[in-house]
Amino acid sequence: MRLALHVFALVLVSLASSCARDAGPQLIEVLDLAPHEVEAGDRVEVLGASFPQGKHAKMTFRGTLHRPGEKPESAEIPAEGDATSATQISIDFTEGLQQLFCGVGEGAAHTTFDGELEVSFPAATAGAPAVSTTLHAATLDVRPPTPRRAVLDARRTEGERALAYMGIRPAKTSPPSGGIVVESVEPGSRADKAGIQANDLLTSLDKLRLTSLADAIPAGAQLLATFTLRRGTSPAEITREVHIESYRGSPPADLYGAALLIAIAAAVIIFFMAPTAGALTWVERRVAGRMRSRARANEAGRRRALTWRADGIKMLLEKDVVPSARDSRLFRLAPYLVFIGVSASFVVMPFGQYLIAADLDVGILYVLAVTSLVTVGLLSGGWAADNEYSLTGGIRAAGQIVSCQVPGAIAVACIVMMTGSLRLQEIIHAQGGWPWEWFLFKNPVTFATFCLLFTTALAQVNRAPFELPEAESEAAAGYATGYVGVRYLFFFFAEWANVFVMCGIAAALFMGGWQVPGLSTGAQEAHFGLQLVGALVFLAKAWMLLALVIWIRLTWPRVRVERMMALCWKRFVPMAFAAFALCAGWVVWSPGRTAQTVMGVGMFAVFCVALARFAQRVRYNLHAPQADARLNPFL
Amino acid sequence: MLTAYATVLAFMLVAATLVSGSLLVARFVRGRRPPTAPESTQDVSDAPESAPHPARFNFDPRFCLVAFVFVVFDVAVAFLVPVAVVLKRWAAESRGTGVRALIEVFAFAGVLLLGLAYARKNGDLEVEATAGGASPPTTVPSDDDPA
Amino acid sequence: MARVDIAGVAFVALALLTLGSAAIVAFARSVMHSAAGLLGVLCGVAGFYALLSADFLAAVQLLVYVGGTLVVFLFAVMLTLTSARAASSNEPIATGRRAAGWATIALAFALVTIALDTIWPLGEKLVQLPTTAKLGHALLGPYALPFELLALLLLATTVGALAIARSAVKVGAEP
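Residues numbered from 1 in each chain as written. Chains lettered and ligands numbered in written order. Predicted model: local features only at pLDDT ≥ 70, side-chain atom pairs only at ≥ 80, totals over all residues.

Remarks on the overall build of chain C
So, point 1. Across its full length, chain C carries seven helices and zero strands.
So, point 2. Shown N-terminal to C-terminal, the secondary structure of chain C runs as helices and strands in the order α-α-α-α-α-α-α.
So, point 3. Burial status across chain C gives 29% buried among its 175 residues.
So, point 4. Restricting the contact set of chain C to residue pairs at least 6 apart, pairs at least 24 apart contribute 59%. (Helix = DSSP H or I, 4+ residues; strand = E, 2+ residues; numbered from the N terminus. Buried ≥ 20, exposed ≤ 12 C-beta atoms within 10 Å, placed from the backbone. Contact = placed C-beta atoms within 7 Å.)

Comments concerning the overall build of chain B
So, point 1. Assigned secondary structure in chain B consists of three helices and one strand.
So, point 2. Going residue by residue from the N terminus, the α and β elements of chain B occur as α-α-α-β.
So, point 3. Relative to its 147 residues, chain B shows a buried fraction of 44%.
So, point 4. At a minimum sequence separation of 6, the contacts of chain B that also span at least 24 residues come to 57%.

So, the sheet that holds strand S2 (residues 37-38) of chain A
Residues and elements named next belong to chain A.
So, point 1. Pairing in this open sheet of eight strands is mixed, and the strands run S1-S3-S6-S5-S4-S7-S8-S2 from one edge to the other. Both edges of this open sheet fall to strand S1 (29-34) and S2, since each of them pairs with a single strand only.
So, point 2. Bridge count for strand S7 (residues 111-121) against strand S8 (residues 131-142) is ten bridges, and the pairing is antiparallel. The residue bridging Val119 from the neighbouring strand is Thr133, located in S8. (Pairing = 2+ DSSP bridges.)

Focus: helix H15 (residues 561-588) of chain A
So, point 1. Taking 1.5 Å per residue, 28 residues should reach 40 Å; H15(A) reaches 38 Å between its end C-alpha atoms and fits that length.
So, point 2. By the largest-angle criterion, Cys568(A) marks the main kink of H15(A), which is about 40°. (Expected span 1.5 Å × (residues − 1). Bend = angle between axes of the 7 residues up to and from the residue.)

Structural notes on the nonpolar core
So, point 1. Core analysis: the biggest nonpolar cluster contains 205 residues, and Ala413(A), Ala506(A) and Phe11(B) have the highest contact counts within it.
So, point 2. The element best represented in this core is helix H2 (residues 62-93) of chain B, accounting for 25 residues.
So, point 3. Not counting chain neighbours up to four residues away, the residues in contact with Ala413(A) comprise Phe580(A), Val77(B), Leu80(B), Val81(B) and Ala84(B).
So, point 4. In this structure, Phe51(A), Ala108(A), Phe121(A) and Ala138(A) belong to the second largest nonpolar core, which totals 28 residues. (Core = buried A, V, L, I, M, F, W, Y, C linked by C-beta atoms within 7 Å.)

Quick word on the packing of helix H1 (residues 6-27) of chain C against helix H2 (residues 31-51) of chain C
Residues and elements named next belong to chain C.
So, point 1. Two elements in contact, H1 and H2, have axes whose closest approach is 7 Å; the angle formed by their N-to-C orientations is 155°. With respect to each other, H1 and H2 are oriented roughly antiparallel. The chirality of how H1 crosses H2 is left-handed. Mapping the contact onto sequence places Ala7, Ala10, Phe11, Leu14, Leu17, Thr18, Gly20, Ser21, Ala22, Ile24 and Val25 in H1 and His33, Ser34, Gly37, Leu38, Gly40, Val41, Gly44, Val45, Gly47, Phe48 and Leu51 in H2.
So, point 2. Residue composition of the contact of H1 with H2, by class: 13 nonpolar, nine polar and no charged. (Axes fitted to C-alpha atoms, helices over the stretch in contact; angles between N-to-C directions. Parallel < 35°, antiparallel > 145°, perpendicular 65-115°, else oblique. Left-handed = near helix turned anticlockwise from the far one by under 90°. Nonpolar A, V, L, I, M, F, W, Y, C, P; charged D, E, K, R; others polar.)

Describing the packing of helix H7 (residues 328-344) of chain A against helix H8 (residues 363-384) of chain A
All names here are of chain A.
So, point 1. Taken N-terminus to C-terminus, the directions of H7 and H8 make an angle of 160°; their axes are 7 Å apart at the nearest point. As judged from the angle between their axes, H7 and H8 are roughly antiparallel. Of the two possible hands of crossing, H7 and H8 adopt the one that is left-handed. Residues Leu330, Phe331, Leu333, Ala334, Leu337, Val338, Ile340, Gly341, Val342 and Ala344 of H7 touch H8, and the partners they reach there are Val370, Thr371, Leu373, Val374, Val376, Gly377, Leu378, Ser380, Gly381, Trp383 and Ala384.
So, point 2. Here the contact of H7 with H8 is composed, by residue class, of 16 nonpolar, five polar and no charged.

Right, dumping it as structure tokens:
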């Protein structure tokens, strides 16, 4: 019996030892990953020892992913590869793998992975456990596919901003091996306090390898940014920590930013819009008095300049009547709509090269969109006052606005076509300072487009000769008939401001905006004083157009709303489309620079000559007692 | 870009605050006085014959047709705008792409103008001052005081 | 200094505006109040588009919906209603209120359960970028055929609307 047991044990041991001998590789070792920077389509080699050649390996990357501007994220990413030799496993770095590291779509960013890499092979004999080992200090730097230009630019700007916040000025060129060279460090800045010096090579930020400025974006919600850098010729990496407690990402993530925006808005509305509207009423009265050769009424203040303020105060003091009939809620709402609609268009008013509240990407389209609020406000106001006159006025005003909006929008689209952008600043940049560089004189089609836009815009703001909806001799005060006091004030305040918006936008679109003749935009950019000069030039151009608006009002008889609407649909819309087609042709078959300048100068010359003749004729009409007023002023 | 739209919001809020603030200020400045005049907007001195009637607008229903056509053309303009934005880039790329873009735009505009021609031919855009009434003279001289 | 997520606050505010206005549209007694509520809804949606970086769409929403559709609606209402009738033009239906109430509660319960229990996949991180040029390229390039078909669709809309409305105008020519 004991002998049988011994023999049995011997057989078992020999079997076990023979099994162990045939169990395949005893120990595999993983030493490193190469290369350390990969993109989709690259091949990553895992270097090590004792790999079973030809076998398929399953690997897992376990660790943290560092991306610019984001908090480090822990991840577990599986990968597969084949052992091409006893010392190498080859991983095909597919797009799928890249997406797992970098993220998908437009948010994909340059990612640095650090953590451990577990490699496991299936056992040689079926049923035995897999053989695996872990490489503990694995780092991998993954580059995403190149994102869109706009994304890249946005990230680069953010990176520059972050570095500037820390007081680091990066060099323009980066070495081929990656990293950011510090050109200079602002004395006393955070980077200086942290011990970063000029000519340092920043190699990583918070464990993210820096390859370009777009990577230098800290996550934002941390106190310290840890840079590793190389100084001089020594390859050793030094670590420096920069304090960034109050670093913020771009949107106003705190109340200070929001308060700043509100302050800007208040400044523009209260200190620019209100006085302009008031001054406009005063200017018009003065000009009207002179043009109509009548004595000016008893008005307050020296040069009667206080009249409009007195008017405003009077409106404040008037009894606030809310009519009992119809709709008191809408009655209260309408002035808000109208005023908000007009104020919102001041957001994109390009006062100067950098003096614009917000250069929206949909700039001019936004202005068109926001005037829809005004339309609805007028309609509601007209309805709410339970008055035949106001309803008539409201519907007619809305009908007129609506009919004239289409040709106006197409005229704007012509200019947009010639610029290639909706942004107001870009439209201004596409023009120049001199009159022949304006879109107004670029070619006869754009001149016609300007006339179209001007006319339809006049109709849209209900200004003479299209002001029947609210003319005093017609239907009381049109849609504003039911309103008294402050509410009435706001309707007309909004109207005057709207006129300014119209002239300002026309000046920006057609007359070069804040561009000063003879001054290049580069020079303007350099000096803030010159930017103010540009702002004054813009205001001068806008006021020139305003003077034209007032002049037209005081000269021409009114046009009935229905006739205006028919005119818009039957004549203006086809004209606008024709202009659009011609402008499109101009854009596609654009003549050379010299031809354009010649045409611009030629148009301007023709305009000047026509203006001179017109002035001559007007003078003649003024002085000659028997001058027939209906004579053609151009002959 | 969010900052830009935050600016828009800021402007709208300030405008709304200004209106409501002015109304509040006006109320305080005025002081409390009991209303003595009737609250109706109809003229008090109206003779009894022309007693206030519920306001009806005797106007041409064609205003609605104009509004329909406007919506259609507004949508068309909304589509023409992005095309206008990129036309320059297409033209710069090569003559071929520029001409192709041009043809697409012309086709779009042409089809729309057919619709406009239809509306015009059928007299849908002739809005009349009063329903079924003869049109008064086209223009009215304006010689009143600018308010 | 509070770290306030302005985008989050804006989202909540816009949601309140939109839903509140939608409630006004549904519950207001007067059609004109419903129209004002509709204005609020459309503006709220435009705000959402802006938050989601669809800036072109936000502007077009205001331009076409508020400036066009709402104006058509207002014209239609003003043309057909007197003030007396307008004030109570949107009276809620008297019958079936209780059933409607129970159905609403059941539906709300179901929706809230779904909302809370579903594991919503998180979208990719939003990058705020302008969209107009992208749309333009798409309309002239891959989507050129839909662009032209759209023109035909608009033509059909114009002709159809005018044909229908014209007969209505002739029939109801008396105010």
